[in-house]
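Residue-level listing of the chains:
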Amino acid sequence: MSEKIPVTVLTGYLGAGKTTLLNRILTEDHGKRFAVIVNEFGEAGIDGDLVVGADEEVFEMNNGCICCTVRGDLIRILDGLMKRKGKFDAIIVETTGLADPAPVAQTFFVDQDVGDATRLDAVVTVTDAKWLKDRLKDAPEAKNQIAFADVIILNKIDLVSEAELAEVEAAIRALNPYAKLHRTTRCDLPVGDLLDRSAFDLDRILDIEPDFLESGHHHHHSDDVRSISLTIPGDVDPEKFMPWINDVSQIQGADILRSKGILAFKGEPRRFVFQGVHMILDGDLQREWKPGETRASRLVFIGRGLDEAALRKGFEACAA
């Protein structure tokens, strides 16, 4: 795992501060070299010119948001970068402000060569503290970007009052209660808080929400996007769970932005960690359960129109 090159997907709605953050990353004295992939909507790209740092490798993908039609370009660029290993320490993919991050993340699941050489480290979403409430009303992309994030930067906090800031933060938490959230002005955040965090590793769920086990289950409403947490205080039967989660992802996958879980399989000393992007699931056995650690099975779904009662019933039926 350590040999794989970490990839950070940087997203956020138009004007939130993605380019400011990218420039900060590239100019900060951290001793690392990054390859940067910039995606712009439209044939004439300018983001590559806005990104500073002549020593960095900047690649542009134009004429469309990163989605199924442009995924081929992303795979091609990543494949090319893999042949130049040693020239950079990490890859940053900056998406257009209108992009859904899901297809970018899916690339690391669906392409074998990309998955073997790289690891998706985190999806980082930049949000605008002043205008986010308006964007949540009129821009579904802004909701998707927040719901999908592993790390959220609440930027431009100097432009709002503390009361407004608390309201905006509550709106973010309603969409995504699990992401690590940072408040910033002009994206003034140390690079170490953003990169090589293994935030896409489900081991970090308990870091993000320490009382996850005690919370049982809960959900948050924000119009059509919601999150659902489910817990079984014990083992699950993999012979029941795997067919069930596959059925859920195939039937409801279009509405599930993210799914993730840490599971105790009956008779297995290691934890099974999985994550999903819409209909694509990926998981494996990771570290052993520690002595004294409570063996429990936990799932998180973030998406639209999710039937919490049905999901809970189906999950509980998988108990060993």
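Computed from a predicted structure; not experimentally measured. (Residues numbered from 1 in each chain as written. Predicted model: local features only at pLDDT ≥ 70, side-chain atom pairs only at ≥ 80, totals over all residues. Heavy atoms only, no water.)

1. Regarding the environment of G234
To be explicit about the condition: Working definition: helices are DSSP H or I runs of at least four residues, strands are E runs of at least two. Numbering for both runs from the N terminus. The cut-offs for exposure are 20% and 50% of the maximum accessible area for each residue type, with area from a 1.4 Å probe on protein chains only; residues under the lower value are buried, those over the upper are exposed, and the others partly exposed. Residue contacts are defined here by distance: any two heavy atoms, one from each residue, within 4.5 Å place the two residues in contact.
When you line up the elements, G234 lands in the loop between β9 (225-232) and α10 (238-252). For G234, a relative accessible area of 15% translates into the label buried. G234 sits 62 residues away from A296 along the chain, and the two C-alpha atoms are 4.4 Å apart. Once residues within four sequence positions are removed from consideration, G234 is found in contact with A264, R295, A296 and S297.

2. A look at the nonpolar core
Heads up, the condition is: In this text, buried Ala, Val, Leu, Ile, Met, Phe, Trp, Tyr and Cys residues form a nonpolar core when linked through side-chain atoms within 4.5 Å.
Grouped together as the largest cluster of nonpolar side chains are 48 residues, with contacts concentrated most on I37, L78, L81, I91, V93 and I172. Of all the elements, helix α3 (residues 68-82) adds the most residues to this core, at 6 residues. Sequence-distant contacts of I172, that is, excluding residues within four places in its chain, are made with T127, L132, I146, I152, L154 and L181. Grouped together as the second largest cluster of nonpolar side chains are 22 residues, L26, V151, C187 and L194 included.

3. Quick notes on the packing of aromatic side chains
Test applied: Only the six-membered ring of Trp is used, alongside the rings of Phe and Tyr, when aromatic pairs are assigned; centres must lie within 6.5 Å, and planes under 30 degrees apart are stacked while those over 60 apart are edge-to-face, with the rest tilted. Should the NZ of a Lys or the CZ of an Arg lie within 6 Å of a ring centre and within 35 degrees of the ring normal, that charge is described as sitting over the ring.
All told, the structure shown has 6 aromatic pairs when counted by the stated rule. With a centroid separation of 6.3 Å and 55° between ring planes, the pair formed by F241 and F265 is classed as tilted. Taken as a pair, F241 in helix α10 and F265 in the loop between β10 (256-264) and β11 (270-277) lie far apart in primary sequence, 24 residues in all. The burial state of F241 is the same as that of F265; both residues are buried. A ring pair is formed by F265 and F272, whose centres lie 4.9 Å apart and whose planes are at 20°; its orientation type is stacked. The exposure class assigned to F265 is buried, which follows from its relative accessible area of 8%. In this structure F272 comes out as buried when scored by relative accessible area, which is 9%. Here the aromatic cluster, defined as three or more aromatic residues joined through ring pairs, consists of F241, W244, F265, F272, F274 and F315. Cation over ring: R271 sits above W289, and NZ or CZ is 5.5 Å from the ring centre.

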